[in-house]
Amino acid sequence: KEYEDICGVNFDDRTLSDRLKKTSYLYPKHVEVIEDFEPMVNEMVDKILLETGEKAWQPQDYLPDLAADDWLQQTKDLREAAEGIPDEVFVVLVGDMVTEEALPTYQTLLNTFEGCDDPIGTTDSAWARWSRGWTSEENRHGDLLNKYLYLSGKTDMRAIEVTIQHLITSGFNPGARKDPYRGFLYTSFQERATKVSHGNVGKVAKEYGAKDLQRICAKIAGDEGRHEKAYQSFCTEILKRDPDGLLMEFGDMMRGQIVMPAELMTDGKDAQLYENFSAVAQRLGVYTAIDYAEIIQHLVDHWKLGELTGLSPEAEKEQEYICRLPTRYKKLAERSMNKKKDDEVELNSFSWIFDRKA
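Here is a short report on the structure shown in this document.

About the thresholds
- Residues numbered from 1 in each chain as written.
- Predicted model: local features only at pLDDT ≥ 70, side-chain atom pairs only at ≥ 80, totals over all residues.
- Heavy atoms only, no water.
- Patch = residues over 30% accessible without salt bridge, like charges linked within 9 Å, V, L, I, M, F, W, Y side chains within 5 Å.
- Areas by Shrake-Rupley, 256 points an atom, 1.4 Å probe, with all protein chains shown as cover.
- Salt bridge = Lys/Arg side-chain N within 4 Å of Asp/Glu carboxyl O.
- Lys, Arg positive; Asp, Glu negative; His and termini not counted.
- Charge placed at Lys NZ, Arg CZ, Asp CG, Glu CD.
- Helix = DSSP H or I, 4+ residues; strand = E, 2+ residues; numbered from the N terminus.
- Buried < 20%, exposed > 50% of the residue type's maximum accessible area, 1.4 Å probe, protein only.
- Contact = heavy atoms within 4.5 Å.
- Axes fitted to C-alpha atoms, helices over the stretch in contact; angles between N-to-C directions.
- Left-handed = near helix turned anticlockwise from the far one by under 90°.
- Nonpolar A, V, L, I, M, F, W, Y, C, P; charged D, E, K, R; others polar.
- Polar contact = N/O pair within 3.5 Å; in protein donor to acceptor, adjacent residues only side chain to side chain.
- Core = buried A, V, L, I, M, F, W, Y, C linked by side-chain atoms within 4.5 Å.

A look at a negative patch on the surface
- Where like charges cluster on the molecular surface, the negative patch consists of Asp65, Asp69, Asp70, Asp77 and Glu80.
- Positionally, Asp70 belongs in the loop between helix 4 (38–47) and helix 5 (71–83).

Description of a nonpolar patch on the surface
- Residues Leu66, Trp71 and Leu72 make up a contiguous nonpolar surface patch of roughly 300 Å² in combined accessible area.
- Secondary-structure assignment places Leu66 in the loop between helix 4 and helix 5.
- The class of Leu66 is exposed, set by a relative accessible area of 52%.

Re the pattern of salt bridges
- This model, assessed by the stated rule, comprises 18 salt bridges.
- The salt bridge partner of Arg356 is Asp87, with a shortest N-O separation of 2.8 Å. Linking Arg356 in strand 2 (residues 356–357) with Asp87 in helix 6 (residues 87–101), this pair joins segments that are 269 residues apart in sequence.
- The exposure class of Arg356 is partly exposed, given its relative accessible area of 32%.
- Classification of Asp87 as buried rests on a relative accessible area of 17%.
- Residue Glu137 pairs with Arg140 through a salt bridge whose shortest N-O separation is 4.0 Å. Of this pair, Glu137 and Arg140 both sit in helix 8 (residues 126–152), three residues apart, which is roughly one turn of the helix. By the burial criterion, Glu137 is buried, and Arg140 matches it.
- Three or more residues joined by partner-sharing salt bridges are found here, namely Asp36, Glu237, Lys240 and Arg241.

Topic: the side chain of Thr105
- Here Thr105 is to be found in helix 7 (residues 103–110).
- Those residues in contact with Thr105 that sit more than four places away from it in its chain are Ile168, Gly171 and Phe172.

Examining the packing of helix 6 against helix 8
- One way to put it is that helix 6 packs onto helix 8 with a least axis distance of 8 Å and a crossing angle of 140°. Like other packed secondary-structure pairs, helix 6 and helix 8 cross with a definite hand, here left-handed. Contact residues: Phe90, Leu93, Val94, Met97, Glu100 and Glu101 in helix 6; Glu138, His141, Gly142, Asp143, Leu145, Asn146, Tyr148, Leu149 and Ser152 in helix 8.
- Classifying every residue of the contact of helix 6 with helix 8 gives seven nonpolar, four polar and four charged.

A few points about the environment of His141
- Inspection of the secondary structure assignment puts His141 in helix 8.
- A relative accessible area of 0% means that His141 is categorised as buried.
- For the pair His141 and Glu80, spaced 61 residues apart in the sequence, the C-alpha separation amounts to 23 Å.
- In this structure, His141 is in contact with Trp57, Glu100, Ile220, Asp223 and Glu224, ignoring residues within four places of it in sequence.
- A polar contact of 3.3 Å, which involves the side chain of His141, links it to the side chain of Glu224.

Describing unusual backbone geometry
- The residue Arg177 is not glycine, and still its phi comes out positive at about 60°.
- Positive phi is not limited to glycine here, since Asp355 has a value of about 65°.
- When you line up the elements, Asp355 lands in the loop between strand 1 (349–350) and strand 2.
- Its relative accessible area of 48% is what places Asp355 among the partly exposed residues.

Considering the side chain of Thr135
- Within the fold, Thr135 resides in helix 8.
- Residues contacting Thr135, with those up to four places away along its chain left out, are Leu103 and Gln107.

Describing the nonpolar core
- Residues Tyr148, Phe184, Phe189 and Phe234 are the most contacted members of the largest nonpolar core, which totals 101 residues.
- Look past the residues within four positions of Phe189 in its chain and what remains in contact with it is Ile258, Met260, Tyr287, Tyr292, Ile295, Ile296 and Leu299.

Below is the structure:
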């Protein structure tokens, strides 16, 4: 019975072929669940992703056209607007861009989720099409921010490029463990987090008169919002079929907290670069501990986790734990942020802005 619960098949010679098929996965029951709603994923690809060709926005739509007669004036306008943006905003913008540029790592991660992989690179399954389509859209974000920073003249592009190379080389482990449930829980959280961060950078940029940067950040945040909607829909489908399974994984992930994708960031000089970047983002209100708590609350509300019934005793415990987390985290965040207000702000030098302090 225990074997059947784990693998979804009886340990019986008469079901040998079925057993061998299912036990080729670490999470056969989870794979079975996601295969069950693959038709919905096909819809997601068509309705949320793959705005290719003329319909799709491209980075060049938001940048000076260097082939135009007035290319110099367009570039001067961008640089003049960028001149009024403080170093702190550029530090956060660079950190967000570096995170986006580590896209090869994230596509690699998607291909580790069992049942969602793209084994030959051109697989025609809904999940493989989703993975490639998502990657193609996300690829625009790093391209656009990278070119904007280059044209602004406000940052040390070589130091930024070194940081990107280090981050891709280091990789990152969000604790998904090849499990599609854990993978979609993680991406449901992370897409919303990046939407919040990009959106808030845009709002700050607008305050300093950089409307072009505000438009850029808003466009990227819009993409993240569409992707967030898709990943959260995947989890909704899992909850319809296996609420116990998803709650058990969600509770386990939250006990370890959500790993940020750029936490192994380094420029080869500052071993605490990610922590220092995060501190600047927190002070600017771009992405804070309160945002973290509010994202958890959003997921609890969106999936109506508190209303789930018919759960196992173990899943009920996880349900209670998860539903209490947002309030607990918010209180801790408010306490921590109030304490930091009383502390003297420590400035750190960043190679990204020519070793100026922020």
